[in-house]
Amino acid sequence: MKKYFLLLALFITFIQNELRGQTCSGTQTLTANTGTFSDRISGDVYSDNLDCRWLIQPSGGRRITLSFTRFNTEQNVDFVTIYDGSTINDRVLGRFSGSTLPGSVASSSGVILIRFTSDAFVGTTGWTASYVTESESTINPSQILWQKVNALGDRNISCLEVFGNTLFVGTNGSGIFRSSDNGTTWSVANNGLGTNLSVSGLAANSTNIFAIARGSLLTSVDLGNSWVGASTATTITAVITHRDWVYIISGGDVLRSTNNSATWQNISNTLFARSATSIISDGTRLFVFSQRDTYVSNDNGNSWQLFASTNNRAILRPVILGNDLFGIFFDGTSGIACGTSGLLVNRNIINTWNSLSTIINPTILFALGKSNLFAGTCTNFGGRIFVSTNNGSTWTQTSNGIPTGLSVGAINTFIWTGQVLYVGTAAGGLFRTPLAITTSVSAQENINPNHRLSLFPNPIADAASIHYTLSTPADVRLELYSALGMRLMTLIEERQGAGNYVVPVDVRHLPSGQYYYRLRVGVEQTIRSLQVVR
C-alpha cells in the first residue's frame, strides 16, 4: 500500500513538473527597443518559490511603456511588481496580483524593473507582458547656432506659445505677434488688446489661446484675430492649462475654470491662500509654489497637500523634466533679482529640495524631452544660455549666435515647436535654432490594420469622426498632433472594452494644413494623417 502511494506521489509530481515546464530564474536584461516576455519559457503553470526579475534597459531609451496581454496569478499571494528604475529600492509604479488584466505602466526614464514572486503553493497560468521604448536623440551643444528673427527687431520678448501650427510671441509694450510658417512671416495680433500691450503670459488648450496683458486675462478662439476679456481679475500673474481646464494665479490665489473662462472658482486652500507664486502641471498632477512651500494636487485642484518645504525660499519658473522637478529660488522679497538667484532640484519628485550650484543666476528654465534642460541667465551675466543633457547634473554654455555683453538683456522665455527652438530676450528680440530631437510622431504613417483606424470626412472643414476597433479590452489614448509634432489635444485617455468606437473631433479653431492623429492601444500605436481645409 505504501508503495502504491509513493508511486502516486511520484506520478503527481511528474505531471506537475510537466505542466510547469521551464520557468524563469534570476535576472534577465532586455536591451531591445521593443519586446515580449513571460513568467516562464514553457509549460502551462509557473513554479513555486520564484523570485524572477526583468531589467528593461534599451540603449538610448527615454520612456518605457509596459502592457500585459494576459494575467493570472494566485490572488494576494503571487505578485508582479514594477519599479521606476533598476532596483527594488526605486519608486513602485504598480503591484499586481489576481486575474484582472493590469493597465499600461510607463516609466519616467529609460530603465524599468519587473519582479515576479510566488509562494510555495498553487502555481497558475501566469502572465505575458510587452513593452515599447520612446527614444530621443542627444543634443550636441556645440552644434546649436542661434539666428535672430529680424522681423521682430530688438523687442522685449516676454512669453511664447504654440497653438496648432501657429507660434505666438508676447512682448512687453508691443502686444502679440504670430507666425504660421515657422517664423518666416509675421503678423500683429492685437485686436481687442486695446492699450494692454504688455503681455506677460500665454497658454493654450484645445480650443482657446489665453494671454495675460497688464494683469488681465484675455482669450481668443480665432488664432488671435480678436481677443476678449476672460476674467474680471486684474492682478493675474500666471496662466496654465491642465487637462483642457484653465488655471490662473491672481492676488496669490489659484483660480480654475472648467468652461474656457466663462466662470471661475477659487481653489486655494488655507495652506497657500494669497501666497501662490507659480503653478505647473505634469499632465496628471498640479504643483503650486508659495512664498515658503510646495503643494500638490492629484485631483485637478479639488484638494491640496503639502509636498515639500523650500525653507522660506520662494520658487519661480518651475519645470518638470522626466521625474525631476526644477525651480529657481531668489534671495529677495519679490521677483528674481539679477545676482541673487539660484537653482533647486527635487529628484524623483519626492519631498526634498537640493541646490545646484552649476548655473550662476538663472532667470528661466525650459525642459525639453526627457533629459534636456535649458537655462537662461539675467542681464548682469550677459544673457547667456546653458544646456544640460543629463537632467541638470552638468551644464554647457550654448550661446553661439547671441551677442555678448549686455545688449540682449536677460533670457526671458523658451518654446520648442518640434523642429525649432526659440528663445526670447529682454532687449535683443527673438532668436531661433533648428532642433529636432524626437521621433514620437513621424511624417511616415504607421498603420496597424487590426485597429481599423479611419476618419471621415478627410479633408475636414470643421468637424469629423474618428473610427477604430478594439479586439480586446485595452488602455486607449487618442491624440491629435500638428505637422510639427506638437500634441494639440487628447481626445480619449481611458480603458475601453472590445468593440467599435466613434470619437468626434472639432477642428474649427485650427488653420488649414496637415495634421496627424495617433491611436495608442496598449503598447501598439497607429498614426494617420488628416487635412484641414478652409
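Cut-offs and rules
Every chain is numbered independently, its residues counted from 1 as its sequence is written. Whole-chain, interface and lining totals are the exception, using all residues; otherwise, since this is a predicted model, local features are given only for residues with pLDDT of at least 70 and side-chain atom pairs are given and counted only at 80 or more. Side-chain metrics rest on all non-hydrogen atoms present in the structure, leaving aside hydrogens and water. Two strands are counted as paired when DSSP detects at least two bridges linking them. A helix here means a DSSP run of H or I that spans at least four residues, while a strand means a run of E at least two residues long, and both kinds are numbered starting from the N terminus. To form a nonpolar core, buried Ala, Val, Leu, Ile, Met, Phe, Trp, Tyr and Cys residues must be joined to one another through side-chain atoms within 4.5 Å. For each residue, the accessible area found with a 1.4 Å probe, counting protein chains only, is set against the maximum for its type, and the residue is called buried under 20%, exposed over 50%, and partly exposed in between. The disulfide criterion used throughout: a pair of cysteine sulfur atoms within 2.5 Å. In protein, a polar contact means a hydrogen-donor-capable atom and an acceptor-capable atom, both N or O and within 3.5 Å, with residues adjacent in sequence counting only if both atoms are side-chain atoms; elsewhere, any N or O pair within 3.5 Å suffices.

A few points about the sheet that holds strand 36 (residues 420-425)
- Reading across from one edge, 10-37-36-35 is the order of the four strands in this open sheet, with antiparallel pairing throughout. The open sheet is flanked by strand 10 (147-148) and strand 35 (411-416), the only strands paired with a single partner.
- Pairing of strand 10 with strand 37 (residues 430-434), which is carried by two bridges, proceeds in the antiparallel orientation. The partner of Gln 147 across the bridge, within strand 37, is Arg 432.

As for the nonpolar core
- Of all hydrophobic cores here, the largest spans 24 residues; its most connected members are Leu 455, Tyr 468 and Leu 530.
- Broken down by secondary-structure element, the contributors of at least two residues to this core are strand 39 (463-470), strand 40 (474-482), strand 41 (487-496), strand 42 (499-506), strand 43 (513-521) and strand 44 (524-532).
- Of all hydrophobic cores here, the second largest spans 21 residues; its members include Leu 30, Leu 50, Ile 64 and Ile 114.

Comments concerning the state of the cysteines
- For the structure on display, the rule yields one disulfide.
- Each sulfur in the disulfide pair Cys 24 and Cys 52 lies 2.0 Å from the other. The disulfide joining Cys 24 to Cys 52 has a torsion of about 80 degrees about its S-S bond and is therefore right-handed. Remark: Cys 52 occurs in strand 3 (residues 51-56) and Cys 24 occurs in the loop between helix 1 (2-20) and strand 1 (27-30); sequence separation between them is 28 residues. In this structure, Cys 24 and Cys 52 share a single accessibility class: buried.

Describing unusual backbone geometry
- The omega angle of the peptide bond from Phe 456 to Pro 457 is -10 degrees, so this bond is cis rather than trans.
- In this fold, Pro 457 is placed in the loop between strand 38 (454-456) and strand 39.
- A cis geometry characterises the amide bond from Asn 458 onward to Pro 459, with omega recorded as 15 degrees.
- Here Pro 459 is to be found in the loop between strand 38 and strand 39.
- For Ser 261, which is not glycine, the phi dihedral falls at a positive 80 degrees.
- Structurally, Ser 261 is set in the loop between strand 21 (253-257) and strand 22 (265-266).
- On the accessibility criterion, Ser 261 (12% relative accessible area) is buried.
- Even without being glycine, Asn 300 reaches a positive phi, approximately 65 degrees.
- By the element assignment, Asn 300 lies in the loop between strand 25 (293-297) and strand 26 (305-309).

Focus on the sheet that holds strand 33 (residues 385-388)
- Taken together, four strands build an open sheet; the order of strands is 31-32-33-34 and the sheet is antiparallel. Two strands bound the open sheet, and with one partner strand each, they are strand 31 (362-368) and strand 34 (396-397).
- The pairing of strand 33 with strand 34 spans two bridges and is classified as antiparallel. Across the sheet, the residue bridging to Phe 386 is Gln 397, located in strand 34.

Notes on the side chain of Asn 208
- Looking at where Asn 208 falls in the secondary structure, it is placed in the loop between strand 15 (199-204) and strand 16 (209-213).
- Taking relative accessible area as the criterion, Asn 208 reaches 6% and is therefore assigned buried.
- At 2.7 Å, the side chain of Asn 208 forms a polar contact with the side chain of Thr 207.
- A distance of 3.5 Å separates a polar atom in the side chain of Asn 208 from a polar atom in the side chain of Asn 260.

Some words on the pairing of strand 24 (residues 286-290)
- Burial of strand 24 is extensive: five of the five residues sit out of reach of the surface.
- Because side chains alternate across strand 24, one face comprises the buried residues Leu 286, Val 288 and Ser 290, and the other comprises Phe 287 and Phe 289, equally buried.
- Inspection of the sheet shows strand 23 (residues 276-281) paired to strand 24 by five bridges, in the antiparallel sense. Within the sheet, the bridge partner assigned to Ala 276 lies in strand 24 and is Ser 290.
- The antiparallel pairing of strand 23 with strand 24 creates a hairpin that spans four residues between the two strands, and Gly 283 there sits at a positive phi of about 95 degrees.
- Bridge count for strand 24 against strand 25 is four bridges, and the pairing is antiparallel. Of the residues in strand 25, the one forming a bridge with Val 288 is Tyr 295.
- Between strand 24 and strand 25, which pair antiparallel one after the other, the connecting turn spans two residues.

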